Amino acid sequence: MRCRTYIHRSFYGAILIFLIYFIFFRRRSTRVFLTEAHINQFTRQTLTNSTSHRRIPRIIHQTWKIRQVPERWNRTVESVRQYNDHQFEYRLWTDEDIHQFVHQEEPYLYEHTFLKYPFDIQRIDAFRYIVLHRLGGIYIDMDNGCYQSFESLLNTLEALDSQSIHLAAFPRTAPVGISNGFMISTKNHPLFRMLISHLSIFNHNYLIGYLTVMMTAGPTYLSINEFYFDTTSESAAIRILDEIVYSSIYTWHTPVISLQNKPLR
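Let me begin by describing the structure that accompanies this report. None of the values given here were measured: they were computed from a predicted structure. Each chain carries its own residue numbering, running from 1 in the written order of its sequence. For this predicted model, a pLDDT threshold of at least 70 governs which residues receive local features, and a threshold of 80 or more governs which side-chain atom pairs are given and counted, while totals over whole chains, interfaces and linings are taken from all residues. Hydrogens and waters are ignored; side-chain quantities use all the structure's heavy atoms.

### Describing the overall build of the chain
Summing up its helical and strand segments, the chain has 12 helices and nine strands in all. Two residues form a contact once any of their heavy atoms are found within 4.5 Å. Taking the contacts inside the chain whose residues are at least 6 apart along the sequence as the reference set, 81% of them involve residues at least 24 apart. Of the roughly 13600 Å² of accessible surface on the chain, a fraction of 54% belongs to carbon and sulfur atoms. What counts as a helix is a DSSP run of H or I of at least four residues, what counts as a strand is a run of E of at least two, and both are numbered from the N terminus. Note on areas: Shrake-Rupley with a 1.4 Å probe; residue coverage comes only from the protein chains shown.

### With respect to unusual backbone geometry
Residues apart from glycine generally show negative phi values, whereas peptide bonds are mostly found in trans. One non-glycine residue, Asn188, lies in the positive phi region at around 65°. Relative to the helices and strands, Asn188 is located in the loop between strand 7 (182-185) and helix 8 (190-197).

### Things to note about the pattern of salt bridges
Should a side-chain nitrogen of Lys or Arg be within 4 Å of a carboxyl oxygen of Asp or Glu, the pair is scored as a salt bridge. Tallied over the entire structure, the rule returns 13 salt bridges. Glu158 is paired through a salt bridge with Arg58; the nearest N and O atoms lie 2.8 Å apart. On the criterion of sequence distance, the pair formed by Glu158 in helix 7 (residues 151-160) and Arg58 in the loop between helix 2 (36-48) and strand 2 (59-63) is long-range, its members being 100 residues apart. Each member of the pair, Glu158 together with Arg58, is buried. Between Asp120 and Arg123 there is a salt bridge, and its shortest N-O distance comes to 2.7 Å. With a gap of three residues between them, Asp120 and Arg123 both fall in helix 6 (residues 120-135), about one helical turn apart. We classify Arg123 as buried; its relative accessible area is 11%. One continuous salt-bridge network, built from bridges that share partners, spans Arg54, Arg58, Glu151 and Glu158. Note on exposure labels: buried denotes an accessible area under 20% of the residue type's maximum, exposed denotes more than 50%, and partly exposed covers the range between, all computed with a 1.4 Å probe on protein chains only.

### Overview of the nonpolar core
Residues Tyr129, Phe170, Met183, Phe192 and Leu199 are the most contacted members of the largest nonpolar core, which totals 36 residues. The element that contributes the greatest number of residues to this core is helix 6, accounting for six residues. By convention a nonpolar core is built from buried Ala, Val, Leu, Ile, Met, Phe, Trp, Tyr and Cys residues, the set being connected through side-chain atoms within 4.5 Å. Core analysis: the next-biggest nonpolar cluster, separate from the first, contains 33 residues, Ile56, Trp73, Phe150 and Leu160 among them.

### Let's talk about the sheet that holds strand 8 (residues 236-241)
Read from one edge of the open sheet, seven strands run 1-8-6-7-4-2-3, paired in mixed fashion. Each edge of the sheet is formed by a strand with only one pairing partner; in this case those strands are strand 1 (33-34) and strand 3 (89-93). Sheet contacts for helix 8: strand 6 (166-171), strand 7 and strand 8; angle to strand 6, the most-contacted strand, approximately 65°. A pair of strands is considered paired only if DSSP assigns at least 2 bridges between the two. Interaxial angles span 0 to 180 degrees and are taken between N-to-C directions of axes, which are lines fitted to C-alpha atoms, for helices over the stretch in contact.

### Considerations on the environment of Glu36
For Glu36, the position within the fold is in helix 2. Overall, Glu36 belongs to the partly exposed group, its relative accessible area being 35%.

### A look at the packing of aromatic side chains
Think of a pair of aromatic rings as described by two things: how far the centres are apart, and how the planes are tilted against each other in angle. Only the six-membered ring of Trp is used, alongside the rings of Phe and Tyr, when aromatic pairs are assigned; centres must lie within 6.5 Å, and planes under 30 degrees apart are stacked while those over 60 apart are edge-to-face, with the rest tilted. Considering all chains together, one arrives at 13 aromatic pairs under this definition. Geometrically, the ring pair formed by Phe227 and Tyr228 is edge-to-face, given 4.9 Å between the ring centres and 80° between the ring planes. One aromatic cluster is present, formed by Tyr129, Phe170, Phe192, Phe202 and Tyr221 through successive ring pairs. The ring of Trp73 carries the charged tip of Arg72 above its face, separated from the ring centre by 4.3 Å. Any Lys NZ or Arg CZ that is within 6 Å of a ring centre and within 35 degrees of that ring's normal is treated as a charge sitting over the ring.

### Focus on the packing of helix 10 (residues 209-216) against helix 11 (residues 219-228)
Interaxial distance between helix 10 and helix 11 falls to 4 Å at its minimum, and their mutual angle equals 35°. Helix-helix and strand crossings are classified by hand; for helix 10 and helix 11 the assignment is right-handed. Taking contact as the criterion, the partners of Met214, Met215 and Thr216 in helix 10 are, on helix 11, Pro219, Thr220, Tyr221 and Ile224. Should the near helix be turned anticlockwise from the far one by less than a right angle, the crossing is termed left-handed; should it be turned clockwise, right-handed.

### Description of the pairing of strand 4 (residues 137-140)
The pairing of strand 2 with strand 4 spans two bridges and is classified as parallel. Bridge pairing in strand 4 links His61 to Tyr139. Relative to strand 7, strand 4 runs antiparallel, the two sharing four bridges. Along strand 7, the bridge assignment pairs Tyr139 with Met183.

### Describing the side chain of Asn144
In this structure, Asn144 sits in strand 5 (residues 144-146). The class of Asn144 is buried, set by a relative accessible area of 4%. A distance of 3.2 Å separates a polar atom in the side chain of Asn144 from a polar atom in the side chain of Tyr246. Pairs of N or O atoms are called polar contacts if they sit within 3.5 Å, as long as, within protein, a hydrogen donor faces a hydrogen acceptor (for residues adjacent in sequence, only side-chain-to-side-chain pairs). Within the local environment of Asn144, its side chain forms a polar contact with the side chain of His253, the two groups lying 2.6 Å apart. Not counting chain neighbours up to four residues away, the residues in contact with Asn144 comprise Thr76, Val80, Gly181, Tyr246, Trp252 and His253.

Here you go:
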């Protein structure tokens, strides 16, 4: 019993040390934000003279088990579709679609990692990185609604980093890290290639279901990989959406049960 307790404490201590190291040391590239001022500036410029070329595919991706969306998310999903109806293609990926897509695009990963995940949410998280790497566009969780079209947000990203081939953006989370519940990317962004290639490396049992989900493919996994990604080595840009841009200008959120308390589907 004492041995088991010692092992558990050592394990969690090692994770804590790793996270402290991840948070405070050796960031490869300076974090660059996208703010409300950028939105206002480039929205005005776009209205008068748009010179930036499009690189982000106008596709919105969402996932659910089946085609029928749960009633509790009707308002959020409808707002996403309604405000982006004319500028974006909309794709709802079911569990069956997800398996087919991952099997087709990443057959080795599908057999050796994807199918071995103990929780469905891990497969969904992994799929998000794969679909954005292969197709690009926007991924948004179903509990997020939107206030307006995402077109101006993508126009701003493309204008801000006009010389970069690859663009990506993520919301900041408190106290540290970024979220994988809303992601924007061009096709073939090298960060998403890194995220896919590291899935098997991080696929371990971290003793607690919540921690296992977060570390193997969830927001912590994304945050660690973004932390060590070097934007100076390739023509790739990453922007962090500040809280006002993400939660006040473009999206709103329905109350959800914490991942720590809800079933891991």
